[in-house]
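Chain by chain, the residues:
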Amino acid sequence: MFDSIRRAKLQRAGLSCGKKRLKHQEGDLMDELRTHPAATVAVYGTFFIALGLLMKLGASVIPGTVTPQPIAYLCMAAIASAMVVHLRVALREEVEDNAELSLVLGTLLLQMGANVAMLDYGNQQSWSGALLVVAMPHAFAPLVLSVILGRKMGLFAAIYSTLLGSMVCVAVNPITFLASSSLIGFLVVLFTKRVRRRNRLFMAGLYIGGVAAVFSLLLYEASGTGSASVSLGRILAVPFIMGIVTGLLVGGLLPVIESLFGVTTEVSWLELSDLNHPLMKRLSIEAPGTYHHSLVVANLSEAAAESIGANAAMTRVCAYFHDIGKLTKPEYFIENMDPADNPHDDLTARMSALILIAHVKDGVDLAIKHKLNVSIIDVIEQHHGTSLAWYFYKRALDQKAEMIRLVEQGKSKEDDIPQVSEGVFRYPGPTPQFKEAAIISLADAVESASRAMEKPNASRIEALVDELVFDRMKDGQLDECDLTIADLAKVKASFVKTLLSMMHSRIKYQKASETASTSVIAKDSTPAATPVHDGMTLAMDNPYATGAGSEKKRPARKPPSAA
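Residues numbered from 1 in each chain as written. Predicted model: local features only at pLDDT ≥ 70, side-chain atom pairs only at ≥ 80, totals over all residues. Heavy atoms only, no water.

Caption draft 1: Geometry of the overall build of the chain. The helix and strand tally for the chain stands at 22 helices and zero strands. Burial status across the chain gives 41% buried among its 563 residues. A separation of at least 24 residues holds for 75% of the contacts in the chain among residues at least 6 apart in sequence. Total accessible area computed for the chain in this model is approximately 31000 Å², and 59% of it derives from carbon and sulfur atoms. (Helix = DSSP H or I, 4+ residues; strand = E, 2+ residues; numbered from the N terminus. Buried < 20%, exposed > 50% of the residue type's maximum accessible area, 1.4 Å probe, protein only. Contact = heavy atoms within 4.5 Å. Areas by Shrake-Rupley, 256 points an atom, 1.4 Å probe, with all protein chains shown as cover.)

Caption draft 2: Empty space enclosed by the protein, seen in detail. For the structure on display, the rule yields one cavity of 30 Å³ or more. One number sums up the size of the largest cavity: a volume of about 60 Å³. Listed by contribution, the elements that provide at least two residues to the lining of the largest cavity are α10 (199-223) and α11 (232-261). Sort the elements by how many residues they give to the lining of the largest cavity and α11 lands first, with four residues. (1 Å grid on protein atoms, 1.4 Å probe; cavity = no way out; pocket = protein on both sides within 12 Å on 5 of 7 lines; lining within 4 Å. Points joined across faces, edges and corners; volume = space filled by probe spheres on them.)

Caption draft 3: Here's a closer look at the packing of helix α7 (residues 140-149) against α11. Packing of α7 against α11 leaves a shortest axis separation of 10 Å and a crossing angle of 45 degrees. As far as their axial angle goes, α11 and α7 are oblique. Crossing of α7 against α11: the hand is right-handed. Along its contact with α7, which presents Phe140, Leu143, Val144, Val147 and Ile148, the element α11 presents Thr246, Gly247, Leu249, Val250, Leu253, Leu254 and Ile257. Taken together, the residues that form the contact of α7 with α11 break down as ten nonpolar, two polar and no charged. (Axes fitted to C-alpha atoms, helices over the stretch in contact; angles between N-to-C directions. Parallel < 35°, antiparallel > 145°, perpendicular 65-115°, else oblique. Left-handed = near helix turned anticlockwise from the far one by under 90°. Nonpolar A, V, L, I, M, F, W, Y, C, P; charged D, E, K, R; others polar.)

Caption draft 4: Summary view of the confidence of the model for the chain. Per-residue pLDDT for the chain has a mean of 84; in total, 83% of the residues score no lower than 70. Considering only residues more than four positions removed or in separate chains, one finds that residues 525-563, a stretch of pLDDT under 50, has 15 contacts. (pLDDT = per-residue confidence, 0-100.)

Caption draft 5: The arrangement of the nonpolar core in detail. With 67 residues, the main nonpolar core has Phe47, Met83, Leu87, Met153 and Phe156 as its most contacted residues. It is helix α5 (residues 98-124) that contributes the most residues to this core, ten residues altogether. Beyond its immediate chain neighbours, meaning those up to four positions away, Phe47 contacts Ala80, Met83, Leu105, Leu108, Leu109 and Leu164. With 54 residues, the next largest nonpolar core counts Leu283, Ala437, Ile440 and Leu483 among its residues. (Core = buried A, V, L, I, M, F, W, Y, C linked by side-chain atoms within 4.5 Å.)

Caption draft 6: Geometry of the packing of helix α3 (residues 37-60) against α5. Closest axis-to-axis distance for the α3/α5 pair is 10 Å, and the angle between their directions is 5 degrees. With respect to their mutual orientation, α3 and α5 come out roughly parallel. The residues of α5 that touch α3, namely those facing Ala39, Thr40, Val43, Tyr44, Phe47, Ala50, Leu51, Leu54, Leu57 and Gly58, are Asn98, Leu101, Ser102, Leu105, Leu108, Leu109, Met112, Gly113, Val116 and Leu119. Among the residues forming the contact of α3 with α5, the class breakdown is 15 nonpolar, five polar and no charged.

Caption draft 7: Spatial organisation of the side chain of Ser352. Considering the arrangement of structural elements, one finds Ser352 in helix α16 (residues 349-369). The residues touching Ser352, leaving out its near neighbours within four places in the chain, are His344, Leu347, Phe392 and Arg395.

Caption draft 8: Geometry of the side chain of Ser180. Residue placement: Ser180 occurs in helix α9 (residues 174-190). When residues no more than four places from it in sequence are discounted, the contact partners of Ser180 are Val133, Val134, His138, Phe215 and Leu219.

Caption draft 9: View of the packing of aromatic side chains. Evaluated as defined, the whole model comprises seven aromatic pairs. Plain terms: the ring middles of Phe156 and Tyr160 are 4.8 Å apart, the flat faces sit at 45 degrees to each other, and that makes the pair tilted. Of this pair, Phe156 and Tyr160 both sit in helix α8 (residues 151-168), four residues apart, which is roughly one turn of the helix. When its relative accessible area of 1% is taken as the criterion, Phe156 is described as buried. (Phe/Tyr/Trp six-rings, centres within 6.5 Å; stacked < 30°, edge-to-face > 60°.)

Caption draft 10: Inspection of a negative patch on the surface at higher detail. On the surface, a cluster of negative charge is contributed by Asp338, Asp341, Asp345 and Asp346. Position of Asp341 among the secondary structure elements: in the loop between α15 (312-321) and α16. (Patch = residues over 30% accessible without salt bridge, like charges linked within 9 Å, V, L, I, M, F, W, Y side chains within 5 Å. Salt bridge = Lys/Arg side-chain N within 4 Å of Asp/Glu carboxyl O. Lys, Arg positive; Asp, Glu negative; His and termini not counted. Charge placed at Lys NZ, Arg CZ, Asp CG, Glu CD.)

Caption draft 11: Region of the structure containing the environment of Glu331. Note that Glu331 resides in the loop between α15 and α16. Take Glu331: its relative accessible area is 39%, and that puts it in the partly exposed class. For the pair Glu331 and Gly289, spaced 42 residues apart in the sequence, the C-alpha separation amounts to 10.0 Å. Sequence-distant contacts of Glu331, that is, excluding residues within four places in its chain, are made with Met337 and Pro343.

Caption draft 12: Structural context of α11. When the terminal C-alpha atoms of α11 are compared, their 42 Å separation across 30 residues agrees well with the 44 Å that a helix rising 1.5 Å per residue should span. The largest bend along α11 measures about 40 degrees and falls at Leu253, with the proline Pro255 one to four residues further on. Downstream of α11 by a residue or two, Gly262 has a phi angle that is positive, lying close to 65 degrees. (Expected span 1.5 Å × (residues − 1). Bend = angle between axes of the 7 residues up to and from the residue.)

Caption draft 13: Expanded view of a nonpolar patch on the surface. Residues Leu155, Ile159, Leu163, Ile175, Leu178 and Phe186 make up a contiguous nonpolar surface patch of about 470 Å² in total accessible area. Those elements that place two or more of their residues in the nonpolar patch are α8 and α9.

Caption draft 14: Up close: the pattern of salt bridges. Under the criterion given, the structure shown has 14 salt bridges. In this structure, the salt-bridge partner of Asp97 is Arg34, at a minimum N-O distance of 3.1 Å. Taken together, the residues span a long stretch of sequence, with Asp97 in the loop between α4 (70-90) and α5 and Arg34 in helix α2 (residues 29-35) at a distance of 63 residues. Look at Asp97 and you get buried, because its relative accessible area is 15%. Residue Arg34 is classed as partly exposed on the basis of its relative accessible area, which comes to 25%.

Caption draft 15: View of unusual backbone geometry. Backbone torsion omega between Gly429 and Pro430 reads 5 degrees, so that peptide bond is classified as cis. If you trace the backbone, Pro430 turns up in the loop between α18 (390-408) and α19 (435-450). Of note, Ser126 is a non-glycine position whose phi angle comes to about 65 degrees, a positive value. Here Ser126 shows up in the loop between α5 and α6 (130-134).

Caption draft 16: Layout of the environment of Ser146. Within the secondary structure, Ser146 sits in helix α7. Expressed as a C-alpha distance, the spacing of Ser146 and Leu190, which sit 44 residues apart in the sequence, is 9.4 Å. Beyond its immediate stretch of four places on either side in the chain, Ser146 contacts Arg151, Gly154, Val189 and Thr192. A polar contact is formed between the side chain of Ser146 and the side chain of Thr192, at a distance of 2.9 Å. (Polar contact = N/O pair within 3.5 Å; in protein donor to acceptor, adjacent residues only side chain to side chain.)

Dropping the structure here:
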């Protein structure tokens, strides 16, 4: 309410347009629930209760199965508690908030519920023995978590879906269940390395279906007591089809899971990297300099992210959009500016700095209106951190010093001396909160500074990168991200390598007229010279050669001392 009153007063004074700027996730209840300890306890409690219900349901789907006793529930609780400790100790970085925790536990519950449903269906179809076990969707939870949260979480799901599932499906042989679930779960994680296309999920399902079919056949042959009611075709076909269906189902559910839990897979990042997005199209037309700058920053950032094991696909996409706020006033930024008409010449240093700093909030506005990914919005907010707009801050100090000099000479009044506060010339922040945002922040500074470099070479580029990274560290811009000193060394080396590949010098080619005149001079000065021929072209036509007239005689090789 008070903000509205203040905004109305500023509007009446002509100092505000009256519009409220969009802010990223302000006052969102879900943000509080993501990290609140009480919500974490509630998620774990719900998981334990659901496990007990599934255990009771698993025993009731097949008539004659003994109802679980209290000791069975106690053993189930012990295994689930061990799983919680594993999550909290070894996988704390992979599961950062309650949304991801709900995703992990919910996926495990969903697989065990599907196991119970398949057990019930198989019993109605008169399936028995190993077929009941191998026909279950053992690959579901490991496949989902491996694609969304990484292969460590896929292995975690394979382990605990096996242990907990053996207690839920008490109606089947536990040894057969442990063997089948662990084999299929671990192999599906192996088959999901770098899933960058949705068809890889289908291929993973196809491979795991083939493995399950072969294992089902081996179990059938090893048992030696195969039921005549189960045909060999069914023993092979049911596990194979279940593997394919699991792969297709996961591919179809991924967008839903990403939307519900606020996560983004590498597949989705690659889809978001399409440069035909309306904002990128506008950037290429209205601010072509910024567009090219963003592409170069994306290349620098992606290579650096790969060097330290960060999310390279996410880094590239976020770098594409990090400067979309410049669309509001593109002509005020140097990469889009007409050299003959600098709009900052007519502005005070403070006003110029405010225009430049505003591109961060303008970018957040545009990103929210176009419903961009949350991580992209975070990078837009954080890519300048709380750094200082140094050029205009120094210009303001110079203007203040000039005004003080005029006052001392009696040519001006003390009231005309401007007040220069460093805080006015700093970006609003926050500073980078995660590795990818910090890499983009550094790449943005490095790319901008490298454009002003004269005669770039390896030593100059390396010195520039070292200086910029050190300045950011000294200014506290990297204090809140989780980049280590070793990571920064790899990031700097990657920046230098990429910049060298982009800024390497080229051979100066002669024009046709210059080549002809050189040939005439060489012919007149050395009429008896014979041009050297390499079998295809004359040596003087080769841009890498020095020409026939300047060729030096090679000194005769000395015989070895032994001769």
